[in-house]
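Read off the chains here:
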Amino acid sequence: MMHNLHLFLPACALALSLIACGRSQIPAAPTQPSLFASQPASTAVLATLQSETSLPATAAAETLQPPNKPEFAVSVIVDTSTQKVTREQAQALINEASTYLKPFSPYGLVMVDYAEDANGGSMSDIATRYLALRSAFPPNGLIIFSNGDGGQAKANGGYGFSVPEGGSFKNQFVSPAAGDSHVYVSVVDYGYKYMACGYGGSDTPQGTLSLPGECRGQAGLSCVSGGGYSICPNAAGNLYTSTPTHEAASMVIHGLLHNFGPNGDQDDYSAPECSARMGYPAGYFDLQESEYYNGLCPYVYEEFTKGYRP
């Protein structure tokens, strides 16, 4: 069984709630780990762009109007020091992620901006740089495609946190934990390979058999093809391996909406508290259902939906 982890960032990182959502090697009844750490608070208010934008030390801010119907607006930032994701790829992934949210809420995702940041630093640094350069319409959330702090997203798929904003900023999607003064952030490894087989931590297969640490600890299994890459045979038929980007798109939802759960890592589908609240039998776990709910307990979607307060 996976255990809860705690990531402690440097002392300079303060005042920010972080939730990690790694799901790389799920055992028979997994508990998805969550990280809680502190990162610097932001006091900026942002504007968004529809055109592709780089983020140098200084950049002119442009303004975009909010969506013309209730949607959860996100800006995408690519940490180009670790990943390469085009605007078209980002748009396609956000569209896919929205289809994994809409079965549970009337509010989908809409991408209102795309930017690239080559300056490195922590995910909080990247988020606050973006926010500081935008001064009009703020999005509800940020998606950062990156390896993450300390390679956490590359190792586990991604995680989420919220950045407090100052001034007159009011998020229309109100979190029961953070209120209406935060922008929600999901850090995602765009190329994350769920249940990869034969890779040994590399980007390309090293062989046709599972290596130590892969396939829920079962080395020597014959790898199979699925989702556009080499996967563990015990992952064949899973939702997360159904397309090359299903897990990454699901992680977008998981990272963002974890901010709306009142119980931190206990809002995961696999947590005992979820079973108790949903009336499931003790020890109940259905992997396909878990993946259908993007690894979140179903009540989190209720919290998200009722949190919309225009």
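Quick note: structure is the one above.
Just so you know, the residues in each chain are numbered from 1, in the order the chain's sequence is written. The predicted origin of the model limits local features to residues at a pLDDT of at least 70 and limits the giving and counting of side-chain atom pairs to 80 or more, whereas totals for whole chains, interfaces and linings rest on all residues. Only heavy atoms go into the side-chain values, all of them from the structure, while hydrogens and water stay out.

Draft legend 1. Here's a closer look at the pairing of strand β3 (residues 72–79). Type-normalised accessible area, obtained with a 1.4 Å probe on protein chains alone, sets the label of each residue: buried when under 20%, exposed when over 50%, and partly exposed for intermediate values. Under the scheme used here, helices are H or I runs from DSSP no shorter than 4 residues and strands are E runs no shorter than 2 residues, and both carry numbers assigned from the N terminus. Of all eight residues that make up β3, eight are buried, and the element is covered over most of its length. Burial along β3 is two-sided: Phe72, Val74, Val76 and Val78 and Ala73, Ser75, Ile77 and Asp79, pointing in opposite directions, are all buried. Two strands pair when backbone bridges link them, and β3 and strand β4 (residues 109–117) are joined in this way by eight bridges, in the parallel orientation. Each residue of the ladder has a partner; that of alanine 73, found in β4, is valine 110. Handedness is read with the strands pointing away from the viewer; a crossover is right-handed when the path from the first strand over the helix to the second is clockwise. Each parallel crossover has a hand, and the one from β3 via helix α1 (residues 87–101) to β4 is right-handed. Strands are treated as partners if at least two bridges between them are detected by DSSP. The pairing of β3 with strand β5 (residues 141–145) spans five bridges and is classified as parallel. Bridge pairing in β5 places valine 76 opposite isoleucine 143.

Draft legend 2. Summary view of the state of the cysteines. Cysteine sulfur pairs qualify as disulfides if the two atoms are within 2.5 Å. Taken as a whole and assessed by the stated rule, the structure comprises three disulfides. Here cysteine 197 connects covalently by a disulfide to cysteine 223, the sulfurs 2.0 Å from one another. Taking the sign of the S-S torsion, -75 degrees for the link of cysteine 197 and cysteine 223, the bridge is left-handed. Of this pair, cysteine 197 sits in the loop between β7 (182–188) and β8 (224–226) while cysteine 223 sits in the loop between β7 and β8, and the two are 26 residues apart along the sequence. Disulfide pairing is shown between cysteine 215 and cysteine 232; the S-S distance is 2.0 Å. Between cysteine 215 and cysteine 232, the S-S torsion sits near -95 degrees, and that sign places the bridge as left-handed. Placement of the pair is cysteine 215 in the loop between β7 and β8 and cysteine 232 in the loop between β9 (229–231) and α4 (246–257), with a sequence separation of 17 residues. For cysteine 215, a relative accessible area of 0% translates into the label buried. Listing the disulfide partners of the protein chain by sequence rank of the bonded cysteines yields 1-3, 2-4, 5-6.

Draft legend 3. Seen up close, the pairing of strand β6 (residues 158–164). A large share of β6 lies buried, amounting to seven of its seven residues. Of the two faces of β6, the one lined by Gly158, Gly160, Ser162 and Pro164 and the one lined by Tyr159, Phe161 and Val163 are each fully buried. Here β6 pairs with β7 via seven bridges, running antiparallel. Of the residues in β7, the one forming a bridge with phenylalanine 161 is valine 185.

Draft legend 4. Highlighting α1. Each residue after the first adds 1.5 Å to the expected span of a helix. With 15 residues, α1 should cover 21 Å at 1.5 Å per step; its first-to-last C-alpha distance of 21 Å lies within 8% of that length. Taken as a whole, α1 has its buried residues at Arg87, Ala90, Leu93, Ile94, Glu96, Ala97, Ser98, Tyr100 and Leu101.

Draft legend 5. Here's a closer look at the pattern of salt bridges. Take a side-chain nitrogen of Lys or Arg and a carboxyl oxygen of Asp or Glu: if they are within 4 Å of each other, that pair is a salt bridge. Per the stated rule, a full pass over the model turns up five salt bridges. Linking arginine 129 and aspartate 117 is a salt bridge whose minimum nitrogen-to-oxygen distance equals 2.9 Å. In this pair, arginine 129 is assigned in helix α2 (residues 123–132) and aspartate 117 in strand β4, connecting sequence segments 12 residues apart. On the basis of relative accessible area, aspartate 117 is assigned to the buried category, the value being 0%. For the salt bridge of glutamate 303 with lysine 306, the shortest nitrogen-to-oxygen distance reads 3.7 Å. You can see glutamate 303 and its partner lysine 306 sitting in helix α7 (residues 299–306), three residues apart, about one turn around the helix. The class of lysine 306 is exposed, set by a relative accessible area of 56%. Through salt bridges with shared partners, a single ionic network connects Arg277, Glu303 and Lys306.

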